[in-house]
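# A structural walkthrough
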Amino acid sequence: MKEIRVSDVSREKLDFLDNGVAQIAFVVKDLDATVEQYYKRFGIGPWHFYTYGKPLVPRMTRNGEPTDYKMRVALSYLGPMRIELIEQVEGDTVYQEFIEKHGYGIHHIGVLVDDMAGAVNRAERAGFRMTMDGAGFGPDDDGHYAYLDTEDSIGTTIELISRPKRRKEPEKVYPPQQE
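Bear in mind the structure is a predicted one, so any value in this text is a computation, not a measurement. Within each chain, residues carry numbers counting from 1 in the order of the written sequence. The predicted nature of this model means local features are confined to residues of pLDDT at least 70 and side-chain atom pairs, given and counted, to a pLDDT of 80 or more, with totals for whole chains, interfaces and linings taken over all residues. Heavy atoms from the whole structure form the basis of all side-chain values; hydrogens and water molecules are not counted.

## Some points on the environment of L148
Spelled out, the test is: Strands are runs of DSSP state E lasting at least two residues, helices are runs of H or I lasting at least four, and both sets are numbered from the N terminus onward. Here, two residues are considered to be in contact whenever any of their heavy atoms come within 4.5 Å of each other.
Within the secondary structure, L148 sits in strand β9 (residues 144-148). Between the alpha carbons of L148 and V94 there is a distance of 10.0 Å; along the sequence they are 54 residues apart. Not counting residues up to four positions away in its chain, the partners in contact with L148 are F16, A123, F128, R129, M130, T157, I158 and L160.

Encoded structure:
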């Protein structure tokens, strides 16, 4: 891999954090057990579960190449911030790489962007390559996430997020909703 020198990198200010952090995400060993602990110990919930992979996420890349991978996620809120718990299931992912390097724990912070292509382009001009992404997980084929290789620069990964206007129904909700 080519070494990037500061003089080679755009001096453009990346404004990804101007609106604050919208999400914090943890890679966990056992998604169901972790969700139960967050709910019982801290009252965080309800949690919405999804399996990200095909067919839910029709377009996925890893290091610029089309790929297939799968992870289970549970989403909730901690105050106004979304909290995401991720369990690696299969494939070459940024999560598997993180587990091998660090074990389980805080994996990334997520920031919302309106123009994903423009945000990724600006990040790459600044020397932060996209390591993995997925798109089309909303019912209207919208929704896109992209991870940037920022760990060596700022100590964590930044995920760019373009949330879908609507979400598909979760596979399950915890705690189970009373009817």
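## With respect to the pattern of salt bridges
Quick reminder of the rule: Salt bridge, as applied in this entry: a Lys or Arg side-chain nitrogen positioned within 4 Å of an Asp or Glu carboxyl oxygen. Any residue under 20% of the maximum accessible area for its type is buried, any over 50% is exposed, and the rest in between are partly exposed; the area is computed with a 1.4 Å probe on protein chains only.
Under the criterion given, the structure shown has eleven salt bridges. As a salt-bridge pair, D32 and K172 come within 2.6 Å of each other at their nearest N and O atoms. One end of the pair, D32, is in helix α1 (residues 31-42); the other, K172, is in strand β11 (residues 172-174), and 140 residues separate them in sequence. Given a relative accessible area of 30%, D32 falls into the partly exposed group. Where D149 meets R129, a salt bridge forms, and the shortest distance between an N and an O atom there is 3.7 Å. One end of the pair, D149, is in the loop between β9 and α4 (151-154); the other, R129, is in the loop between α3 (116-125) and β8 (130-135), and 20 residues separate them in sequence. Residue classification places D149 among the partly exposed positions, given a relative accessible area of 33%.

## Some words on the packing of aromatic side chains
Put simply, the test is: Whether two aromatic rings pair depends on their centres lying within 6.5 Å, for rings of Phe, Tyr and Trp, where Trp uses its six-membered ring; planes under 30 degrees apart make the pair stacked, over 60 edge-to-face, and the rest tilted. The rule is short: NZ of Lys or CZ of Arg within 6 Å of the ring centre and within 35 degrees of the ring normal puts a charge over the ring.
One pass over the structure, following the stated rule, counts ten aromatic pairs. Each ring, one from Y38 and one from W47, has its centre 5.8 Å from the other, and the planes form 80°; the classification is edge-to-face. Taking relative accessible area as the criterion, Y38 reaches 17% and is therefore assigned buried. Ring centres of Y145 and Y147 lie 6.0 Å apart, and the angle between their planes is 65°; this geometry places the pair in the edge-to-face category. An aromatic cluster of three or more residues is present, and its members are Y50, Y52, Y95, F137, Y145 and Y147. Its end group placed over the ring of Y50, R167 keeps NZ or CZ at 5.3 Å from the ring centre. One residue, K172, lies across the ring of F49, its end atom 4.6 Å from the ring centre.

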